[in-house]
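Residue strings, one per chain:
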Amino acid sequence: MAVLVLLKERLIVMTAEKREPGGKAKKALLVLLLFGFLTVAGRILTLTEPNNFGYGLLYHMAMAATIGGMADWFAVTAIFHRPLGIAWRTEILKKNRQRIMEALVDFCGRDLLGVGKIKTIINRESVSDMMITYIDERGGKEKILAAVEAAGVKTLAAVDIDRLAMELSPIITNIISSIPTVKLVQHGLNDLTDREIGGPDTLASYGAKLCRELLNNEGTQQLLLTEAEGLRRDYTSGNPMREMALTMAKLTPERIRELMNEAADKKLTEMAQRGTPAHEQLVAWISDKITAGEIEGKLTAILTEKQQELASPGLMAGLLASLMRQSFGEGTGDSAGSTVWREHFRAIAAEKLTEFTKNRVWQARFDEFVKEYLVSQLEEHHDFIIDLIRQRLEELTDEELIELSENYVADDLQIIRINGSVVGGIAGGLLYVIMSVAGRLVAA
């Protein structure tokens, strides 16, 4: 419908435009005046020399051309006005307006712009190729990306976050409430103790990794240094010999901490490597702790408590609303969330446009879809085109219709006047020749 509205606006503009008058009317008038002058000149010459064939031929040709030109001037003028004030069989356009309008509407709407002809033109064109040209060569890609980005952000801005959170929260709370926490914990702990899938081994390796990270922590190292200082102080307190022995062995607190780190690192390395005694001992300890039941009970209780908290619709709605606000950026153009979504929309659209220009299957589907849509709209609203043309013509007064017609065709009709003068002159000349030859033959 939008296309049809634009068509209507364009039709109104076209019918309101005034075309500059051409020069054919002036040429036709000059031709008529020329032949009128030649008629007068030829008549004067024939009066001076009645038997001169050339003067007679000139006079009759010019007179016939003048008569033909004047007759065609009358005929052309009679289409729009009353030539010489004569009302009989003149003003043809005005007097036959309704019949002419219906013929014009029928020609434009059903023949020139008929459904079949428009469908033929549509099916002949490749819409996908036109689209690719628009994307790659006419700056269409950036315009499409900007439109997608604006539409996406506008859609997010229109989202009622609180209402959406309230609608989603019952669904999510039902899902959370239906989770069997006891079975979930049991299944998880069983996997952790199953060596076939590497559960305890993985835990042991991960535990050793965490211990190493904790050992290398600055706070831990400071704590070890303090502990080393305390041990050295307790060992040497009141015993000079021990102090001298440690000094000679260069066992400063820093060195003691270094030895502690080396021992711990060696132990942690063994614990992380499968098959070593330390690793097997850690695995056995983990398995014993898990199968003892204490962990299962505590973990089940914690999960059940969290499950009950999250199953509250009010709490869940608040959490969802908070998450969506962080993600959507409250729909504001300058927020971080909105910026992320803008980039996301552009990236997706750019990827799909690039794929469209390369994927022949997508192009064929797009071509088929657009053509089917255009044809369906054409078939559904084709009468609108006919009604549009009729409505616009009916809106014009007789004077406006005549002026519009003259703007577009009157100048071209002047060629009829020129042709009438030329053909009349030739016919007059031939008739004069025939009459002259016949008269001489009779006289002889």
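Worth saying up front: this structure is predicted, and the values here are computed from it rather than measured.

**Student:** Before we move on, could you go through the overall build of the chain and cite the residues and values that matter?
**Tutor:** If you tally the helices and strands in the chain, you get 20 helices and zero strands. At a minimum sequence separation of 6, the contacts of the chain that also span at least 24 residues come to 72%. Carbon and sulfur atoms provide 63% of the accessible area of the chain, an area that totals close to 28,800 Å².

**Student:** Talk me through the packing of aromatic side chains; I want residue IDs and the actual numbers.
**Tutor:** Any two aromatic rings considered together are summarised by their centre-to-centre distance and by the angle between their planes. This structure, assessed with the given rule, holds two aromatic pairs. Between Phe 53 and Tyr 432, the ring centres sit 5.5 Å apart and the planes meet at 35°, which makes this aromatic pair tilted. Of this pair, Phe 53 sits in helix 3 (residues 53-80) while Tyr 432 is found in helix 20 (residues 398-443), placing the two residues 379 residues apart along the sequence. Among the residues examined, Tyr 432 registers a relative accessible area of 14% and is labelled buried. With centroids separated by 5.3 Å and ring planes inclined at 80°, the aromatic side chains of Phe 356 and Phe 366 adopt a geometry described as edge-to-face. You can see Phe 356 sitting in helix 18 (residues 336-358) and its partner Phe 366 sitting in helix 19 (residues 360-395), a full ten residues away along the chain. Among the residues examined, Phe 356 registers a relative accessible area of 9% and is labelled buried. The class of Phe 366 is partly exposed, set by a relative accessible area of 25%.

**Student:** Summarise the nonpolar core; cite the residues concerned and give the values.
**Tutor:** One recurring pattern in soluble globular proteins: nonpolar side chains tend to sit buried together. Core analysis: the biggest nonpolar cluster contains 18 residues, and Phe 80, Leu 93, Val 105, Ile 389, Leu 393, Leu 396 and Leu 401 have the highest contact counts within it. For this core, the elements supplying multiple residues, two or more each, are helix 3, helix 5 (97-112), helix 6 (115-124), helix 19 and helix 20. The greatest single-element share of this core, amounting to five residues, is contributed by helix 19. Discounting chain neighbours no more than four positions away, the residues touching Leu 401 are Leu 93, Arg 97, Leu 393 and Leu 396. One finds Ala 204, Ala 208, Ala 278 and Ile 286 within the second-largest nonpolar core, a separate group that totals ten residues.

**Student:** Tell me what's going on with a nonpolar patch on the surface, and back it up with residues and numbers.
**Tutor:** On the surface, Ile 179, Leu 184, Ile 295, Leu 299 and Leu 303 cluster together into a nonpolar patch covering about 370 Å² of accessible area. Here the nonpolar patch takes three residues from helix 16 (residues 294-310), the largest share from any one element. Among the secondary structure elements, Ile 179 is positioned in the loop between helix 9 (161-177) and helix 10 (181-193). With relative accessibility at 37%, the residue Ile 179 sits in the partly exposed group.

**Student:** Break down the pattern of salt bridges for me, citing the residues and quoting the values.
**Tutor:** Using the criterion set out here, one finds eight salt bridges in the structure. For Glu 142, the salt bridge goes to Arg 346, with nearest N and O atoms at 2.9 Å. Within this pair, whereas Glu 142 is found in helix 8 (residues 140-157), its partner Arg 346 is found in helix 18, the two being separated by 204 residues in sequence. A salt bridge links Arg 163 to Glu 167, with the nearest nitrogen and oxygen atoms 3.3 Å apart. Here Arg 163 pairs with Glu 167, and both are found in helix 9, just four residues apart, close to one helical turn. Residue Arg 163 is classed as exposed on the basis of its relative accessible area of 55%. Residue class for Glu 167 comes out partly exposed when judged on its relative accessible area of 45%. In the salt-bridge network here, residues are joined through shared partners; they are Glu 142, Glu 149, Arg 342 and Arg 346.

**Student:** Pulling in residues and values, what's your account of helix 12 (residues 218-236)?
**Tutor:** Helix length check: helix 12, at 19 residues, gives a terminal C-alpha distance of 27 Å against a target of 27 Å (1.5 Å per residue), a fit within 8%. Listing the buried residues of helix 12 in full gives Thr 220, Gln 221, Leu 224, Leu 225, Ala 228, Gly 230, Arg 232 and Thr 236. Backbone nitrogen of Gly 219 and a side-chain oxygen of the N-cap are separated by 2.8 Å at the start of helix 12; the cap is Asn 217.

**Student:** Residues and numbers for helix 19, please.
**Tutor:** The largest bend in helix 19 is about 55°, located at His 381. One side-chain oxygen at the N-terminal end of helix 19 lies 2.9 Å from the backbone nitrogen of Val 361; it belongs to Asn 359.

**Student:** If you had to explain the confidence of the model for the chain to someone new, which residues and values would you point to?
**Tutor:** Confidence in the prediction of the chain, expressed as mean pLDDT, is 78, and 87% of residues score 70 or more. Taken element by element, the chain is modelled with least confidence in helix 1 (residues 2-16), mean pLDDT 43, and with most confidence in helix 7 (residues 127-137), mean pLDDT 90. Predicted confidence is poor over residues 1-21, with pLDDT under 50, and the contacts of this stretch with residues over four places away or in other chains come to 26 contacts. Across residues 331-336, confidence stays below pLDDT 50; counting only partners more than four residues off in sequence or on other chains, it has eight contacts.

**Student:** Explain the side chain of Asp 367 residue by residue, including any values.
**Tutor:** Within the secondary structure, Asp 367 sits in helix 19. What Asp 367 contacts, discounting residues up to four positions off in sequence, is Glu 125, Ser 126, Val 127 and Ser 128.

**Student:** Before we move on, can you summarise the packing of helix 5 against helix 19 with the specific residues and values?
**Tutor:** The interhelical angle for the contact between helix 5 and helix 19, taken along N-to-C directions, is 150°, at an axis separation of 9 Å. In terms of orientation, helix 5 and helix 19 fall into the roughly antiparallel class. The hand of the helix 5/helix 19 crossing is right-handed. On helix 19, the residues touching Arg 97, Met 101, Glu 102, Leu 104, Val 105, Cys 108, Gly 109 and Arg 110 of helix 5 are His 382, Ile 386, Ile 389, Arg 390, Leu 393 and Glu 394. Along the lines of polarity and charge, the residues of the contact of helix 5 with helix 19 split into seven nonpolar, two polar and five charged.

**Student:** Could you give me a rundown of the packing of helix 12 against helix 14 (residues 253-272), with the residues and numbers involved?
**Tutor:** Closest axis-to-axis distance for the helix 12/helix 14 pair is 8 Å, and the angle between their directions is 120°. Between helix 12 and helix 14, the angle falls in the class oblique. Between helix 12 and helix 14 lies a crossing of right-handed hand. For the pair helix 12 and helix 14, the contacting residues are Gln 221, Gln 222, Leu 224, Leu 225, Ala 228, Glu 229 and Arg 232 in the first and Pro 253, Glu 254, Ile 256, Arg 257, Met 260 and Asn 261 in the second. The class makeup of the residues in the contact of helix 12 with helix 14 is six nonpolar, three polar and four charged.

**Student:** Lay out the side chain of Thr 46 in plain terms, naming residues and giving numbers.
**Tutor:** Position of Thr 46 among the secondary structure elements: in helix 2 (residues 24-48). One polar contact links the side chain of Thr 46 to the main-chain carbonyl oxygen of Arg 43, over a distance of 2.7 Å. Not counting residues within four places of it along the chain, the set of residues in contact with Thr 46 comprises Tyr 55, Gly 56 and Tyr 59.

The rules behind the values
Sequence order as written defines the numbering, with residues in each chain counted from 1. Since the coordinates come from a predicted model, pLDDT governs what is reported: local features require at least 70, and pairs of side-chain atoms require 80 or more to be given and counted, while whole-chain, interface and lining totals use all residues. Only hydrogens and water are removed before side-chain values are computed, so all heavy atoms of the structure are retained for them. Here a helix means four or more residues in a row that DSSP labels H or I, a strand means two or more in a row labelled E, and each is numbered from the N terminus. Working rule for contacts: check all heavy atoms of both residues, and any pair within 4.5 Å makes them a contact. Per-residue accessibility takes into account occlusion by the displayed protein chains alone, with areas from the Shrake-Rupley method and a 1.4 Å probe. Here a pair means two rings of Phe, Tyr or Trp (six-membered ring of Trp) with centres within 6.5 Å. Their orientation is stacked below 30 degrees between planes, edge-to-face above 60, and tilted elsewhere. Note on classification: 1.4 Å probe, protein chains only; a residue is buried when its accessible area is under 20% of the maximum for its type, exposed when over 50%, partly exposed between these limits. The criterion is simple. A nonpolar core is a set of buried Ala, Val, Leu, Ile, Met, Phe, Trp, Tyr and Cys residues joined through side-chain atoms within 4.5 Å. In this scheme, patches are assembled from residues that exceed 30% relative accessible area and form no salt bridge. Like charges are connected within 9 Å, while nonpolar side chains (Val, Leu, Ile, Met, Phe, Trp, Tyr) are connected within 5 Å. Each reported salt bridge corresponds to a side-chain nitrogen of Lys or Arg within 4 Å of a carboxyl oxygen of Asp or Glu. Between the first and last residue of a helix there are one fewer steps than residues, each counted as 1.5 Å, and that sum is the expected span. Polar contacts here mean pairs of N or O atoms no more than 3.5 Å apart (in protein, one a potential hydrogen donor and the other a potential acceptor; neighbouring residues in sequence count only if both atoms are side-chain atoms). Take the seven residues that end at a residue and the seven that start at it, fit an axis to each, and the angle between those axes is the bend at that residue. Per-residue confidence from the predictor is given as pLDDT, running between 0 and 100. Orientation is described by lines fitted to C-alpha atoms, with helices fitted over the stretch in contact, and by angles between N-to-C directions that extend from 0 to 180 degrees. Here the angle decides the label: under 35 degrees means roughly parallel, over 145 means roughly antiparallel, 65 to 115 means roughly perpendicular, and every other value means oblique. Crossing handedness: left-handed means the near helix sits turned counterclockwise from the far one by under a right angle, and right-handed means the same turn made clockwise. Residue polarity is assigned by list, with Asp, Glu, Lys and Arg as charged and Ala, Val, Leu, Ile, Met, Phe, Trp, Tyr, Cys and Pro as nonpolar; anything else, Gly included, falls into the polar class.

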